[in-house]
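A look at the structure
These are the residues of each chain, in order.
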Amino acid sequence: MSTAVAGRVLGRSVASTPFARCSRTQYLRLRAQNQAFRTTIRSFSASSRVWQKKYTQDHEWVELSDDGATGTIGISTYAAKALGDVVFVELPTVDLEVNQGDSIGAVESVKSASDIMTPVSGTITEANNVLEEKPATINKSPEGEGWLAKIAVSDPSEVEKLMDGEGYRKFTEEADEH
Amino acid sequence: MSMHSAYLPQSAYLPRPITGQSRYSVVNLVILHFAKPMRTTWPPALTRLTCISHSSHTTLPHSAPILAGHCQAARRLTTSSIRSWSLEDLPRVSQETNPLIFHLTSDNPYYNLSIEHYLLTHSHPDTRILLFYTNRPCVVIGRNQNPWLETDLKRLQQGLPPEDGRVPQTADKNYGPIHKTQLRKNGRAVPIDLVRRRSGGGTVFHDSGNLNYSVIIPNSKSFKRSTHADMVVRALSSASSRYQFADIRVNDRNDIVMRRETESQWLKVSGSAYKLTRGRALHHGTLLYSSPYLDKISELLRSPGRDFIEAKGVESVRSPVGNLVWTPDPRKRAEVKTGITQSIVREFWRMYGGDQERRAGVNEVTLGSEECAEDTSPEIASGVKELMSNAWRFEQTPRFDFASGTVDGKAVGFQANRGVLEHLSLKSVSGGSVERAKSDFKEEIKLHDVKSWKGLITGGNTNTNTQEQAGQIVPEASALARNSASSGGGGDVPDALVKRIEAVFPRSNV
């Protein structure tokens, strides 16, 4: 379990290097060599909060990297279901500076065009270009491969105030009762 | 009080209704002078406000159907006609007053969409809003669409024959006697705007015979796309004897379709688009109640590039269209519009108004183009500017590929993203090819602004004004050197091929 989680974190840190698309043998070699892997094991045992997704009332999530500097943003499964089949995703441009709540793009489904607001303030570092070719990835894996963008977080404390998984689940249940 | 000499809209110069007018205008002028001033552009405001208190069916000039429509709409409301609040106060007012109805009087599509967006983003989360507007002739594409694929831009630039007295001829034969189209010999072409809206969906055509309705409501779980299309159908059904259809319903695409008495074909009279943001939902739709240009819609929305373009983004779905009720008389058309508007308002109020009374100036309000002035509302003004910009209209286009097919032994292909050329190739049947990437060009090539396709493809830099930058014209020698060796792989491009490209990508004249 811990290796799986650590591997995922390593995967993300590897992804930010030029070796993002290396083969399995290369990956294994990197894993053995990479210092980050060892530090990761240590920080994991220190606190498990960092890998949790946090949610907004607008149904976006943010997941911080292990060093708390970068966040990955996406929409929740609840939102993806409500939207229906996604046909197009407007992604933010890299280097866009945003404040919490600003629009960073939109998702157009057969039902409507829905704005995506950023859960945290910061600067966009990457957009998930897979969505340009395969917008349906959001429907298949909204909280995994269907991530929208990565952001250099300017104020990590903003994340603290968002809902955790359990809180968000309760929130959506209440919303459904309306 | 300073008179602000801004931006008077075109409609301010329309001849105003005359009988019984001046008496009311004096009264309103007096009251306005002492009332809390809301805006500094007076003349258009007066035009609108006096219009509300106009109470007789006078002979209205043909050119003021919009004003006439709103005059009659407001006539049935209670007495006070002066708006008691300004759009700046919308957050507060919408919290206290719910629901709200707005009638927009401008026919400028950029204004109307910007006001609509402002209402969507600044109204209280629980408020329900209904608004109506009618635009001058324009083609409106969805947020993520491709203008080169959805419409014939060259055809758009030609404009339309003047509306008055014009009778559209379509396959829809049963709406009354058809007269030969008569163009005024001295009439100038009516320009057609190209507009990209903020909501999703496909491409539609707007003109004075098309009523746009918008509903803004909380984006809750109960939000269904069909709810307000059903509301409009109920409103229209209640007056079906007046209109010329036997059946009307919402189809599975949330379009409103109707069928005439003697026909079996269902014709689309209304399409819808949706926008969700921050807990608010916008549903806006068209309604072809009596379009004088109905027969032009098909050709305006058929692009010469449709066989050559492969695009990401959203494609339109073509449907046969029909008018709810065609009448050649603009006055009667105005009456039809008023009747429809009132029916929809009543249905909306029945759903959300509860026991409240509709009160003009309080919860049923008229907004004119003065709302878009820079000093009245800088936010709306900047929204207008954005919608009008080429960056929004053309450079918000998702990635697409163009392949010309072979013409006289040569073929051109390119890929563009955000309206900018990323890759351009010229291939010859004999085997040569010239490939150029974005970095090979001196500057970004914006598709809507290519002055000379021939020059661009053959490698000369003719995208710039020759007078200004004569010294900078340098043939792309490095690119030509990079091509695969063969005769004719470089420069020459047949005129027929250039013509094909120019038909799809004309230079935007705005």
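About the thresholds
Residues numbered from 1 in each chain as written. Chains lettered and ligands numbered in written order. Predicted model: local features only at pLDDT ≥ 70, side-chain atom pairs only at ≥ 80, totals over all residues. Heavy atoms only, no water. Domains from an automatic or database assignment. Contact = heavy atoms within 4.5 Å. Buried area = accessible area lost by both parts, 1.4 Å probe. Pairing = 2+ DSSP bridges. Helix = DSSP H or I, 4+ residues; strand = E, 2+ residues; numbered from the N terminus. Core = buried A, V, L, I, M, F, W, Y, C linked by side-chain atoms within 4.5 Å. Buried < 20%, exposed > 50% of the residue type's maximum accessible area, 1.4 Å probe, protein only. pLDDT = per-residue confidence, 0-100. Phe/Tyr/Trp six-rings, centres within 6.5 Å; stacked < 30°, edge-to-face > 60°. Axes fitted to C-alpha atoms, helices over the stretch in contact; angles between N-to-C directions. Salt bridge = Lys/Arg side-chain N within 4 Å of Asp/Glu carboxyl O. Nonpolar A, V, L, I, M, F, W, Y, C, P; charged D, E, K, R; others polar.

1. Regarding the domain arrangement of chain B
Residue and element names in this part refer to chain B. Along its sequence, chain B is carved into domain 1 (4-393) and domain 2 (400-504). The interface is formed by 12 residues belonging to domain 1 together with 12 residues belonging to domain 2. The junction of domain 1 with domain 2 conceals about 1,100 Å² of combined surface from both sides, 66% of it contributed by carbon and sulfur atoms. Its largest share of buried area at the contact with domain 2, domain 1 owes to Trp-148, Lys-154 and Phe-308, together 57% of the area lost on that side.

2. Comments concerning the sheet that holds strand 5 (residues 97-98) of chain A
Read across the sheet, 6 strands follow the order 1-2-3-9-8-5 (chain A) without closing on themselves; strand pairing throughout is antiparallel. One side of each edge strand has no neighbouring strand; the edge strands of this open sheet are strand 1 (54-55) and strand 5 of chain A.

3. Considerations on the nonpolar core
Residues and elements named next belong to chain B. Trp-148, Phe-400, Phe-414, Leu-447, Trp-453 and Phe-505 are the most contacted members of the largest nonpolar core, which has 41 residues in total. For this core, the element with the highest residue contribution is helix 15 (residues 495-504), accounting for 4 residues. Looking at this core, you find at least three residues from each of domain 1 (4-393) and domain 2 (400-504). Counting residues in each nonpolar core, the second largest holds 36 residues, with Val-233, Ala-235, Val-269 and Leu-287 among its members.

4. Examining the environment of B:Pro137
Residues and elements named next belong to chain B. Mapped onto the secondary structure, Pro-137 falls in the loop between strand 2 (129-133) and strand 3 (138-141). Along the primary structure Pro-137 and Tyr-289 are separated by 152 residues, whereas in three dimensions their C-alpha atoms are 15 Å apart. With residues near it in sequence (within four places) discarded, Pro-137 still touches Leu-160, Val-190, Pro-191, Ile-192, Asp-193, Phe-205, His-206, Asp-207 and Tyr-293.

5. Comments concerning the pairing of strand 3 (residues 70-75) of chain A
Residue and element names in this part refer to chain A. Most of strand 3 is tucked away: 5 of the 6 residues are buried. Summarising the sheet, strand 2 (residues 60-64) and strand 3 pair through 5 bridges and their orientation is antiparallel. By the bridge assignment for strand 3, Leu-64 is matched with Gly-71. Two successive antiparallel strands, strand 2 and strand 3, enclose a turn made up of 5 residues, where Gly-68 displays a positive phi of approximately 70 degrees. Pairing of strand 3 with strand 9 (residues 149-153), which is carried by 4 bridges, proceeds in the antiparallel orientation. Across the sheet, residue Thr-70 finds its bridge partner in strand 9, namely Ala-152.

6. Describing the confidence of the model for chain A
Of all residues in chain A, 74% have pLDDT values of 70 or greater, and the mean over the chain is 81. Low pLDDT (under 50) marks residues 37-50 of chain A, which in the prediction has 16 contacts with non-local residues, meaning those over four places away or in another chain.

7. Focus on the packing of aromatic side chains
Two descriptors summarise a pair of aromatic rings, namely the distance from one centre to the other and the angle between the planes of the rings. Residues and elements named next belong to chain B. For the structure on display, the rule yields 16 aromatic pairs over all chains. Residues Phe-348 and Tyr-352 carry aromatic rings whose centres are separated by 5.2 Å and whose planes lie at 70 degrees to one another, so their mutual orientation is edge-to-face. In this pair, Phe-348 and Tyr-352 both sit in helix 10 (residues 330-352), 4 residues apart, roughly one turn of the helix. Ring geometry for Trp-453 and Phe-505: centres 5.7 Å apart, planes at 50 degrees, overall tilted.

8. Description of the side chain of A:Thr56
Residues and elements named next belong to chain A. Secondary-structure assignment places Thr-56 in the loop between strand 1 and strand 2. Overall, Thr-56 belongs to the buried group, its relative accessible area being 10%. In this view, Thr-56 contacts Pro-119, Leu-162, Met-163 and Tyr-168; residues no more than four positions away in its chain are not counted.

9. Quick look at the sheet that holds strand 7 (residues 247-250) of chain B
Two pairing modes exist for strands in a sheet, parallel and antiparallel, and in both the strands are linked by backbone hydrogen bonds. All names here are of chain B. As summarised here, the arrangement of the 3 strands in space is 7-8-9, forming an open sheet in which the pairing is antiparallel. The sheet is open, and its two edges are formed by strand 7 and strand 9 (266-270), each paired on a single side. With strand direction ignored, the average angle separating the axes of adjacent strands in the sheet is 30 degrees. Inspection of the sheet shows strand 7 paired to strand 8 (residues 256-259) by 4 bridges, in the antiparallel sense. Within strand 8, the position partnered with Asp-247 by the bridge is Arg-259. Here helix 8 (residues 227-237) sits on the sheet in contact with strand 7 and strand 8, set at roughly 165 degrees to strand 7.

10. Notes on the interface of chain B and chain A
Between chain B and chain A, the residue contacts involve 21 residues of the former and 22 residues of the latter. Both faces combined, the contact of chain B with chain A buries some 1,700 Å², and carbon together with sulfur accounts for 44% of it. Connecting chain B to chain A are 4 salt bridges. Residue B:Lys312 pairs with A:Glu133 through a salt bridge whose shortest N-O separation is 3.6 Å. Here the side of chain B that touches chain A gets 4 residues from one element, more than from any other, and that element is strand 10 (residues 272-277) of chain B. Class assignment for the residues of the side of chain B that touches chain A results in 4 nonpolar, 8 polar and 9 charged. Across 2 bridges, the pairing between strand 7 (residues 113-117) of chain A and strand 10 of chain B is parallel. Paired with A:Ser114 across the strands is B:Leu276, a residue of strand 10 of chain B.

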